[in-house]
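# Observations on chain architecture
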Amino acid sequence: MTKWVLYIAIILIFQPESSFSSGFFRSEYSVDLGRHVGPAQLPPSIQQNANTDGCPDNTSSNAGLDCEFQWSGRVLRRVPKGPQIALLQPVKEEAHAASIVELKNGMLVMAWFSGVEGQPGVAIVVSRLDRKLNQWETPKVVSEDPSRSNQNPVLFVDPETDTIHLIHSSQEGGKYQDTSRLMWLNSTDGGAHWTAPWVHPSFQGKVGAFVKGRILSMEHGRFIADNTSVLLDGGTPVNSTIKFFQENPKGRHGGRLGGFSEWLLPMYYTPEARPESHYCALWRSFDSGRTWGQEALMSRQLHFLAQPSVVKMPSTGYLRAFFRDRQGHWIYYSESTDNGRSWPEKHVQSVLPNDQSGIQALVLRSGHLVIAFNNQACTKDAHSGQLSCERYPLSLALSVDEGRSWGWVRDLEPGGPNDLVEPKMWEKSHYQRYSYPSLIQTADGLIHVAYTYRKKTIKYVVVEESWIQRSHTTGVYQGEHQFGSLINNNISY
């Protein structure tokens, strides 16, 4: 008996820390759908008890400063190995709706809209970060029309060419969103220079067309026989794909047997001012965004849903869409089992609240799911019936079981009475507005979040998965674990 105890003790001593997880032993590497997805979570490199709210260097608790002296784009840390934080340089009076991507060389590119939302002259601006220099470049205008309001930029990097695509909405200034159309531009030199924006012909005539969620690139196997057939998703012929490969028989990989990319674009429409008229759809492209088609409805009118954020689930390969609730109650979701060609009419209410604001979901390299959202619902005035949506706190929720439960929630910006920075008296209307997050995980495993900071500028924060697991929120949903053992790190607090 003593010999067996000693044997087990030796194994435990030499077993890597990452082996202690939800199972007894785990491999050093995670496996997701039969492919290698990188090393399992290591002990944290970012200090876990360092928060991200307030100004980048945490010196601005003085009332009225509003962090303006740090609207420089400089990436700072409050403590050694703390989260990285920056406030981007404003261009016009307001800033909103950031989108962030990583290039193959590790550079980050961010876009957002600058100006008073809905008014003439709102512009799309872009900034880049060389992570070695820890400095976001001075933002530059890449799309502006003096008569229109350009909004909601979405960045996407072609996984093969590294071309950056930027798609955004553009509505007539001072008019309702039913005048919106989709504009497109791109950059082939890492965001240094951009084409002039153009109206994308695939979406002409679509009333009130908007984007917000990330474009997905799906790799598929293909087989072309005599230039007449293409098999997709286990053998379903797709006419537009057949036509494309008939015209380009060697495809993009130079061979007759290989893989090709299919791009999926989540959209939503606002044909009327009434929120019950809004609906969502998924478009697909087989030719790198030159043409789009096969529109599939994700939600319908009277569903009160908008701004779908779509991810591919690791265990099944199904697509799951998370929706903003126009009624300001809950985040809803639905799932497509056929790569987004059809979606159920009924949507599932999650346990996460929604305050009628944008959200974004992301599958991490660990296979876990993270979502950025405002952790409270709207309230309705008993007399007027008007919704009040505060847009705080802004939080990250983490699920290790693909959204069946959300174990940890941590605030990026608690807001409210816990806000570290007092606003100026004349800026109360934008006080505590932390919203519209954009999420990516870079090749080094770090999680980058860009979000609206009081409608005045964009804030940029870098954390890691284990930082979220040191859970604390002032919001409605508390998560199922609070300050317990971290699931991947064998560390307790």
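Residues numbered from 1 in each chain as written. Predicted model: local features only at pLDDT ≥ 70, side-chain atom pairs only at ≥ 80, totals over all residues. Heavy atoms only, no water.

When you go through the protein residue by residue, the secondary structure sums to three helices and 31 strands. Burial statistics for the protein: of 493 residues in total, 55% are counted as buried. In the protein, the proportion of contacts linking residues at least 24 apart, taken out of those at least 6 apart, comes to 57%. If you sum the accessible surface of the protein, you get close to 20700 Å²; carbon and sulfur atoms cover 53% of it. (Helix = DSSP H or I, 4+ residues; strand = E, 2+ residues; numbered from the N terminus. Buried < 20%, exposed > 50% of the residue type's maximum accessible area, 1.4 Å probe, protein only. Contact = heavy atoms within 4.5 Å. Areas by Shrake-Rupley, 256 points an atom, 1.4 Å probe, with all protein chains shown as cover.)

Sheet architecture is open: four strands sit in the order β19-β20-β21-β22, paired in antiparallel fashion. Each edge of the sheet is formed by a strand with only one pairing partner; in this case those strands are β19 (305-312) and β22 (348-353). Strand after strand, the sheet turns through a mean of 30° between neighbouring axes, direction not considered. Note that β19 and strand β20 (residues 319-325) share six bridges and pair antiparallel. Counted as the bridge partner of V311 is R320 from β20. (Pairing = 2+ DSSP bridges. Axes fitted to C-alpha atoms, helices over the stretch in contact; angles between N-to-C directions.)

Take the sheet that holds strand β28 (residues 408-413) next. Within a sheet, neighbouring strands are paired by backbone hydrogen bonds and run either parallel or antiparallel to one another. The strand order across the open sheet built from four strands is β23-β24-β27-β28, with neighbouring strands paired in antiparallel fashion. Strand pairing shows two members of the sheet lacking a second neighbour, β23 (360-363) and β28, which therefore form its edges. Ignoring which end each strand starts from, the neighbouring axes of this sheet average 20° apart. With five bridges connecting them, strand β27 (residues 394-399) and β28 associate as antiparallel partners. The partner of L396 across the bridge, within β28, is R410.

None of this, on its own, says anything about what the molecule does.
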